[in-house]
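If you want the building blocks of each chain, they are given just below.
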Amino acid sequence: MLALRKIRDGQKALIEDNDASQNTAIVVAAVTLGVGGLVMIGLATMLAANLGKSIATPITELTDVMSQLASGSLMDAIPCTDRIDELGDMARAVVVFRDSARARVDAVRDRESAMTALAEALHNVANADLSIRLPALPGAFE
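One structure accompanies this document, and this report is about it. In this text the structure is predicted, and so the values were computed from the model without any measurement.

Conventions used here
- Residues numbered from 1 in each chain as written.
- Predicted model: local features only at pLDDT ≥ 70, side-chain atom pairs only at ≥ 80, totals over all residues.
- Heavy atoms only, no water.
- Helix = DSSP H or I, 4+ residues; strand = E, 2+ residues; numbered from the N terminus.
- Rg over C-alpha atoms; globule rule 2.2 N^0.38 Å.
- Buried < 20%, exposed > 50% of the residue type's maximum accessible area, 1.4 Å probe, protein only.
- Contact = heavy atoms within 4.5 Å.
- Areas by Shrake-Rupley, 256 points an atom, 1.4 Å probe, with all protein chains shown as cover.
- Lys, Arg positive; Asp, Glu negative; His and termini not counted.
- Charge placed at Lys NZ, Arg CZ, Asp CG, Glu CD.
- Salt bridge = Lys/Arg side-chain N within 4 Å of Asp/Glu carboxyl O.

1. Some thoughts on the overall build of the protein chain
For step 1, the next point in the chain: The number of helices and strands found in the protein chain is 2 helices and 0 strands.
For step 2, the next point in the chain: A compact globule built from 142 residues should have a C-alpha radius of gyration of about 14 Å, whereas the protein chain, at 40 Å, is more than 25% larger.
For step 3, the next point in the chain: Counting only C-alpha atoms, the protein chain reaches 145 × 20 × 15 Å along its principal axes.
For step 4, the next point in the chain: Buried positions account for 13% of the 142 residues belonging to the protein chain.
For step 5, the next point in the chain: Partitioning the intrachain contacts of the protein chain with sequence separation of at least 6 by distance along the chain shows that 43% fall at a separation of at least 24.
For step 6, the next point in the chain: As displayed, the protein chain offers around 10,900 Å² of accessible surface, 65% of which is attributable to carbon and sulfur atoms.
For step 7, the next point in the chain: Between the centroid of the 13 positive side chains of the protein chain and the centroid of its 18 negative side chains there is a distance of 12 Å.

2. Structural notes on the pattern of salt bridges
For step 1, the next point in the chain: For the coordinates displayed, the defined rule picks out 6 salt bridges.
For step 2, the next point in the chain: With a closest N to O distance of 3.0 Å, Arg98 and Asp99 form a salt bridge.
For step 3, the next point in the chain: Residue Arg98 is classed as buried on the basis of its relative accessible area, which comes to 9%.
For step 4, the next point in the chain: On the basis of relative accessibility, which here comes to 36%, the residue Asp99 falls in the partly exposed class.

Okay, here's the thing in structure tokens:
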């Protein structure tokens with residue numbers, strides 16, 4: 001019987017040691033998972049902030065510029081034209097729209113200038129002033 005008790009006591013000690021090792025492993029795993037989760041949350045927050053800075057902010061700037069352009073403001077600076085991604089393509093398209101709007105404004109100004117000069121000349125001719133000479137007209141109206 002004594003031999004069986006020694007075996008039983010030895011096995012009991014091994015089981016207790018194994019149980020303690022398993023408990024330690026569970027605690028280490030829980031701490032590791034907790035720390036890893038916090039690290040992942042921090043990393044996700046940093047990535048979200050980075051994306052916001054590199055994508056959302058330029059999109060907001062371009063939207064503001066397009067709104068100003070639509071309301072008639074023909075500003076000089078268009079942000080993001082030096083980017084090589086889709087936002088850069090969008091910014092360069094806005095530059096084309098701005099330049100087209102400027103050309104339209106210039107054409108309207110030239111037409112109004114030519115119409116004013118022609119109206120004055122025709123008014124003078126109607127008043128029997130045949131010595132009138134047309135002033136220089138803008139390029140498209142010469």
